[in-house]
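Examination of the molecular architecture
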Amino acid sequence: MEDFPKIAPGDELPVIRRWFIALALFKETGMNRTRFAVMAVLLCCALPAFAGGGEKGDWEIGAYLAQFSPDSYNGLDPKSGTSYGLRGGYFFTPKWSVEGAYEWFSTEADINGPNPDMDLNSLSFNGLWNFRAPKKLRWFLTLGFGREYTKSSSLDLDEADWGYNFGGGVRWYFGKKRTWGIRGDARWIKTDVGGSVDQNEDNYEIGGGLFMSVGGGEPTDSDKDGVPDKKDKCGGTPKGAMVDSTGCPKDSDGDGVPDGVDKCPGTPKGWKVDSTGC
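The following paragraphs examine the structure supplied in this document. Along each chain, residue indices are assigned from 1 in the same order as the chain's sequence is written. The model is predicted, so local features are restricted to residues of pLDDT at least 70 and side-chain atom pairs to those at 80 or more, both for listing and for counting; the totals for chains, interfaces and linings are taken over all residues. Heavy atoms from the whole structure form the basis of all side-chain values; hydrogens and water molecules are not counted.

A word on the state of the cysteines
- Any pair of cysteine sulfurs within 2.5 Å is marked as a disulfide. Evaluated as defined, the whole model comprises two disulfides.
- The disulfide partner of Cys-234 is Cys-248, and the gap between their sulfur atoms is 1.9 Å. Here Cys-234 and Cys-248 share a disulfide; its torsion about the S-S bond, 75°, makes the bridge right-handed. One end of the pair, Cys-234, is in the segment after strand E9 (199–214); the other, Cys-248, is in the segment after E9, and 14 residues separate them in sequence.
- Exposure is judged per residue with a 1.4 Å probe applied to protein chains only, and the accessible area is read against the type maximum: over 50% gives exposed, under 20% gives buried, and values in between give partly exposed. Classification of Cys-234 by relative accessible area gives partly exposed; the value is 22%.
- Overall, the relative accessible area of 16% leaves Cys-248 in the buried class.
- Covalent S-S linkage joins Cys-264 and Cys-278, the inter-sulfur distance amounting to 1.9 Å. Looking along the S-S bond of the Cys-264-Cys-278 disulfide, the torsion reads about 80°, which is the right-handed sense. To qualify as a helix, a DSSP run of H or I must reach at least 4 residues; to qualify as a strand, a run of E must reach at least 2; elements of each kind are numbered from the N terminus.

Here's what the structure looks like:
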């Protein structure tokens, strides 16, 4: 895996692209709990701490654990257990977002004799309807589709099947910038598994994890003059005043009252005026 260099503000897209490359590599080489923990730490350390909070243009990167309860799989009866996954999403608006996730779940089939190992991994793509913007505690509903990979070498089982899922959850953002947060999800997953299983399966999961909001969000504009604070050379501009590109008020007649607030423009030079410019 390539090293993660420091990223300057405005370079969020290369970071996201690197995240998906890393995820693909781990998918191909296999995943265990140690690799999962290492990858989650690397992803978080590689990302710059831009303000977030689920605003327009935000990216959301997260890692999670879930209690996974599988269906019968035609008598194989895989045991319930802990799954773990990584996900990344994008907010088109504070209300609507999309995300992709890859989840690993290793278990055992509960059959006569030695219990064979069984993997139920999945790749999913979901749309989310997010509520309560711009609050720190935000609910959401989710609906999507995905691909489930059902494998067991002992049972000669290797299937890749389409399915869909729906559910809901909650996010809680930390701090003033809302860069970090925790998230909980509950989900129902429906998959039509082929091969020797050959039936529809209903799986359930409930879990939670840590996430980070990267980039996006409208730039802070404390005096609401249309110029972001980081470019505003004249903070505290009176409401309604016309400003230039640096955020400083325009005063065409030089009477000390900004254009837009001045009710008597064109005041002769040197005349004393009141707070309205008259």
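Comments concerning the packing of aromatic side chains
- Two rings from Phe, Tyr or Trp (for Trp, the six-membered ring) form a pair when their centres sit within 6.5 Å of each other. Planes less than 30 degrees apart are called stacked, planes more than 60 degrees apart edge-to-face, and all others tilted. This model, assessed by the stated rule, comprises 14 aromatic pairs.
- Residues Tyr-84 and Trp-104 carry aromatic rings whose centres are separated by 6.3 Å and whose planes lie at 20° to one another, so their mutual orientation is stacked. In this pair, Tyr-84 sits in strand E2 (residues 81–91) while Trp-104 sits in strand E3 (residues 96–104), placing the two residues 20 residues apart along the sequence.
- For Tyr-84, a relative accessible area of 7% corresponds to the buried category.
- The exposure class of Trp-104 is buried, given its relative accessible area of 5%.
- With centroids separated by 5.3 Å and ring planes inclined at 85°, the aromatic side chains of Tyr-173 and Phe-211 adopt a geometry described as edge-to-face.

Here's the deal with the pairing of strand E1 (residues 59–69)
- With eight of eleven residues buried, E1 is to be regarded as a mostly interior element.
- Here, strands pair whenever DSSP counts at least two bridges between them. In terms of strand pairing, E1 meets E9 through eleven bridges, oriented antiparallel. The residue bridging Ala-63 from the neighbouring strand is Leu-210, located in E9.

A closer look at the pattern of salt bridges
- Any Lys or Arg side-chain nitrogen found within 4 Å of a carboxyl oxygen on Asp or Glu counts as a salt bridge. Summed over all chains, the structure comprises nine salt bridges.
- The partner of Lys-190 in a salt bridge is Asp-202, with the nearest N and O atoms 3.2 Å apart. Taken together, the residues span a long stretch of sequence, with Lys-190 in strand E8 (residues 180–193) and Asp-202 in strand E9 at a distance of twelve residues.
- Members of the salt-bridge network, linked through shared partners, are Glu-60, Arg-87, Glu-99, Arg-171, Arg-183, Asp-185, Arg-187 and Glu-205.

What to know about the side chain of Asp-255
- Note on placement: Asp-255 falls in the segment after E9.
- We note that Asp-255 is buried and unpaired, the nearest opposite charge coming from Lys-269 at a distance of 13 Å.
- We call two N or O atoms a polar contact when they sit within 3.5 Å, provided that within protein one can donate a hydrogen and the other can accept it, with sequence-adjacent residues counted only if both atoms are side-chain atoms. At 3.0 Å, the side chain of Asp-255 and the backbone nitrogen of Val-257 are in polar contact. Neither His nor the chain termini are counted; the positive set is Lys and Arg, and the negative set is Asp and Glu.

Observations concerning the nonpolar core
- The biggest cluster of nonpolar side chains holds eleven residues, and these are Phe-68, Tyr-73, Leu-76, Phe-105, Ala-109, Met-118, Leu-120, Leu-157, Ile-189, Val-193 and Val-197.
- Contributions of two or more residues to this core are made by strand E5 (117–130) and E8.
- Residues in contact with Ile-189, not counting those within four places in the same chain, are Phe-68, Tyr-164, Asn-165, Glu-201, Asp-202, Asn-203 and Glu-205.
- Core analysis: the next-biggest nonpolar cluster, separate from the first, contains six residues, Tyr-84, Tyr-102, Trp-104 and Tyr-149 among them. Buried residues of nine kinds, namely Ala, Val, Leu, Ile, Met, Phe, Trp, Tyr and Cys, make up a nonpolar core once their side-chain atoms join them within 4.5 Å. It only takes one pair of heavy atoms within 4.5 Å for two residues to be counted as in contact.

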